[in-house]
Amino acid sequence: MSSGRMRRLLFLFLLLVSSGHAENPFRFAETPGKLPKNSRPIDYAIRIQPDVAKLTFGGSETIKLQVDAPTREIVFNAAALKISEANIDGRQIPPEAISPDEKQELVRIKLAEELGTGAHTLTLKFDGKITKSGFGLFAVHYREEGTGAEKTLLGTQFEPTDARRFFPCWDEPSFRAKFQLTVVVPENWMAISNMPIAREQKIGGGKEVEFGTTPPMSSYLNVFCAGEFDAVEGEVHGVKLRIITTKNKSEQGRYALESTKAVLHYYNDYFGVPYPLPKLDQIALPGGFGGAMENWGGITYFETALLFDPKNSSAATRQGVFEVIAHEVAHQWFGDLVTMAWWDNLWLNEGFASWMGSKCTAHFNPNWEVWLQRSIPRDPARRVGIPKEQAMEGDARSTTHPIQQPIRTEAEANAAFDDIAYKKGQSFIRMLENFLGEDVFRAGIRQYMEAHKFSNATTVDLWQALGAASGKPVAEIAAGWTEQPGFPIVNVRREADGKITLTQERFTINQKVQSSALWQIPLTYEIEGQGTPATLLMKEQRATLDTVPADHAFKLNARGAGNYRTGYDDPSWKLLLDALPGLSAPDKVNLLSDTWALVQAGRKPFSFYRELVSRLPASTALAEREQIIGVLSAIDAVLAGTTAQAALRRTAIEILQPALAALGPEPKVGEPSTDAVLRGSLVEALGLFGDEKVVDLCRKNVARFFQNPASLSSDLRAATFAVAMAFGDGETWDKLHQYGLRSNSAEEKQHAYFALAFARDPTLIAKTLALALTDELSTSRAVFLVTKVARESGRPDLAWKFAQENQKALRKKVDSAGAVTYFPGLFTFFSDPARADELHQFASQNLADGWQKPAAIV
């Protein structure tokens, strides 16, 4: 046996040992979780009657159970619910036999007699609470468009473990069941759930709405929304589509409706399994939570992620809406039709939906530079960035984790929704598809869908399907990428004999990690003048190429589709710089990203990156310029308060001015949307770097805007507001605040309020932070305002002090998506390493166990 073969076998063995167990194909009985597998729900009939005035609800349910092994105990999930009555097969269960465990979010029912195998019926009555932030059943208070009237609506957010706050249930993904929901709502309200309305009747106090029964699905995919809604409607392939909004906003859903028609048609063809429900509703909520949620047949969105106003929305909003729709509708297959068995395989949902959504968006919008410039964050208020780069920066640190990580508690399940699951998962899938080929990869996905529809799956199930379709050792290739942390750098060296030697090692930033990790790397490379990229599966620590002429440039990671860094020796680098004008936009962005990563890791000086930027041809390519903006902004943050910051800003202005001069400061009729997006990015960056002409322009434009809002392009509003506030005074703050306060548009309100976070005067910073405790913004945007101040004001210390002093109030506003990362996330804006000890001390004293892992990562 060769030494290389020995190393590979040892590597795979260590992966299995380190992961705690060798993952198997999905088997219900072997799936992790707290709940025993001896009894399971088959279907639920649930009735909910909310009392919006009291923020409470009453409920009852009948659950058909299948008992697979005799038991004298029934165990299920419930949180913040009070069970008042329970019956099993018509026999009442005494109250003392019902034992809630609030900490574990479990209820145990002790039975007087053994429950035999077979079918049984459990009925429960219960009461719960309506929350004000995005988990469980929540209420949203908002002002109606056009009338300004104060209104209230109800929505739900159950992922990952909050369905148990709405009704007692087996709230783990592998316990699939059918759900039939009945609700009581005011007569003038529209009610929405996963399935169409089966029956509706007037009753005392409103109307009772009964929905159809769902296919078998996981509990967290349930949805219930109700309020005074409008809708635009359509149909594709017999599926009824609705974009549902609050009153007088439905026309802003027209773009989303047309986009959904295209996306659903694309996915029906791609997956080979038609969308299985009779309808697909997408609901725009003006508050409650900050992102979007793929509830089967009833996707919920924060308004800015779904609505597009042709008169007032920006090109960036238009692109963002399409991308988020593509992501969430992809979940209707990857996540809903086939669901991960347990939260350690969350990436099967999120990584694939991110990849599929980007693939679909790029298909319909080839000029948007989707793979280079866009991302699908859970929180659409976060800045846009290259998905792979966001994940790679975190994955290069010693505190990273594998794509597949053990999940033991509810808090850990919440913390699993991070860049590794979403973006590293997406990047690995893209690299694998690139290696296997699009047609072969799709054949494997279709096989996977057909085999596991209406059921659950593990990563192993996916690898088996892709391996069968491709005839390649997919599981062996994938192991290093999903079961161990980090990623490799491939070093390129030209030898005296003309050959090129490639070596791999783990790439890290800011710390040396002793690692013998080895990856099977699907390499792609281009040789100058030869056109079509070549491929190589690098299985060992070292590989050799002998087909590259000594005087030809050699570019590894063609088109940047690989999830690895590349380091070139001097001869190879010089040839690449000479060939730079002929490289594609993806290859230029890839070189910029790798070069900056080498600077961050201390392997190269900043002058190395600066030289590459100076050698780039003049360009207004969006992704290329935004990569440079991101790097310069990051350095500026690190140099804040130092004498070197002024020099850096002069350099930044010198680098960025030509692109804005080429685009012009004002929009042009018929220009591509990428120009509009880049112009906004350049105006904001140059303004914040102190370009006097840009600052003066923003001041004048915002003054004109307050006189005539139509005078300022929607594509420039966010940037102009930000720069004007950064160099503004109390009067500017007051005008922006009043504009945001009056606006009923979530997008315009967000532009105005987030601009307040750029204030640099400590007095104004304090006023901005105080807004987070008011009801002027939805809860998800209110708490994000503190994060925005930490990032943009240059005073993260003031934001952190405010967060400490108002912990309790802020925690009540944080939705489930940000529950465990919110406070640790505020520390990412400090550049002083000494702050790390402060965070760890705060975490140990104030944060529960699930919050401490994100604190360690920061």
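Procedures and definitions
- Residues numbered from 1 in each chain as written.
- Predicted model: local features only at pLDDT ≥ 70, side-chain atom pairs only at ≥ 80, totals over all residues.
- Heavy atoms only, no water.
- Helix = DSSP H or I, 4+ residues; strand = E, 2+ residues; numbered from the N terminus.
- Rg over C-alpha atoms; globule rule 2.2 N^0.38 Å.
- Buried < 20%, exposed > 50% of the residue type's maximum accessible area, 1.4 Å probe, protein only.
- Contact = heavy atoms within 4.5 Å.
- Areas by Shrake-Rupley, 256 points an atom, 1.4 Å probe, with all protein chains shown as cover.
- Axes fitted to C-alpha atoms, helices over the stretch in contact; angles between N-to-C directions.
- Parallel < 35°, antiparallel > 145°, perpendicular 65-115°, else oblique.
- Left-handed = near helix turned anticlockwise from the far one by under 90°.
- Nonpolar A, V, L, I, M, F, W, Y, C, P; charged D, E, K, R; others polar.
- Core = buried A, V, L, I, M, F, W, Y, C linked by side-chain atoms within 4.5 Å.
- Pairing = 2+ DSSP bridges.
- Expected span 1.5 Å × (residues − 1).
- Polar contact = N/O pair within 3.5 Å; in protein donor to acceptor, adjacent residues only side chain to side chain.

**Q** How do you make sense of the overall build of the chain when you look at a structure like this?
**A** The number of helices and strands found in the chain is 28 helices and 29 strands. Computed over its C-alpha atoms, the radius of gyration of the chain comes to 27 Å, within 12% of the 29 Å expected for a compact globule of 858 residues. By residue count, 59% of the 858 residues in the chain fall in the buried class. Within the chain, counting contacts between residues at least 6 apart in sequence, those at least 24 apart form 70% of the total. When the accessible area of the chain is evaluated, it comes to approximately 32600 Å², of which 51% is carbon and sulfur surface.

**Q** Even after reading the chapter, I still don't get the packing of helix 15 (residues 622-638) against helix 17 (residues 673-689), so can you show me in this structure?
**A** Between two packed helices, what matters for the description is the angle formed by their axes and the separation of those axes. Helix 17 packs onto helix 15 with a crossing angle of 20° between their chain directions and a minimal axis gap of 10 Å. Comparing their axes, helix 17 and helix 15 come out roughly parallel. Of the two elements, helix 15 crosses helix 17, and the hand of that crossing is left-handed. Facing helix 15, whose interface residues are Leu-622, Arg-625, Glu-626, Ile-629, Leu-632, Ser-633 and Asp-636, helix 17 presents Thr-674, Val-677, Leu-678, Ser-681, Leu-682, Ala-685 and Phe-689. For the contact of helix 15 with helix 17, the per-class residue count stands at 8 nonpolar, 3 polar and 3 charged.

**Q** Please explain the nonpolar core as it appears in this structure.
**A** Soluble, globular proteins show a tendency: their nonpolar side chains are buried together. Ranked by internal contacts, the top residues of the largest apolar core, which has 261 residues, are Ile-109, Leu-122 and Tyr-267. Not counting the four nearest positions on each side in its chain, Tyr-267 is found in contact with Gly-272, Ala-326, Val-329, Ala-330, Trp-333, Met-356, Gly-357 and Cys-360.

**Q** Got a minute to help me understand the pairing of strand 11 (residues 178-185) in this structure?
**A** Sheet faces and side chains relate simply in a regular strand, where the side chains alternate between the two faces. For strand 11, a buried count of 7 out of 8 residues is recorded, marking the element as mostly surrounded by other parts of the structure. In this structure, strand 1 (residues 39-51) lies alongside strand 11, joined through 6 bridges in parallel fashion. Among the inter-strand pairings, Ala-45 is bridged to a residue of strand 11, identified as Gln-180.

**Q** Can you walk me through helix 2 (residues 254-271) in this structure?
**A** Helical geometry note: an α-helix holds 3.6 residues per turn, so side chains three or four residues apart project in the same direction. Helix length check: helix 2, at 18 residues, gives a terminal C-alpha distance of 26 Å against a target of 26 Å (1.5 Å per residue), a fit within 8%. For helix 2, the complete set of buried residues consists of Tyr-255, Ala-256, Leu-257, Ser-259, Thr-260, Val-263, Leu-264, Tyr-266, Tyr-267, Asn-268, Tyr-270 and Phe-271. Close packing links the buried residues of helix 2 with strand 16 (229-236), strand 17 (239-246), strand 18 (279-285), helix 3 (315-331), helix 4 (346-364) and helix 9 (438-452). Looking one or two residues beyond helix 2, the residue adopting positive phi is Gly-272, at roughly 75°.

**Q** For this particular structure, what's the right way to read the side chain of Arg-781?
**A** Assignment of secondary structure puts Arg-781 in helix 23 (residues 779-792). Under the relative-accessibility criterion, Arg-781 is labelled buried at 2%. One polar contact links Arg-781 to Gln-750, side chain to side chain, over a distance of 2.8 Å.

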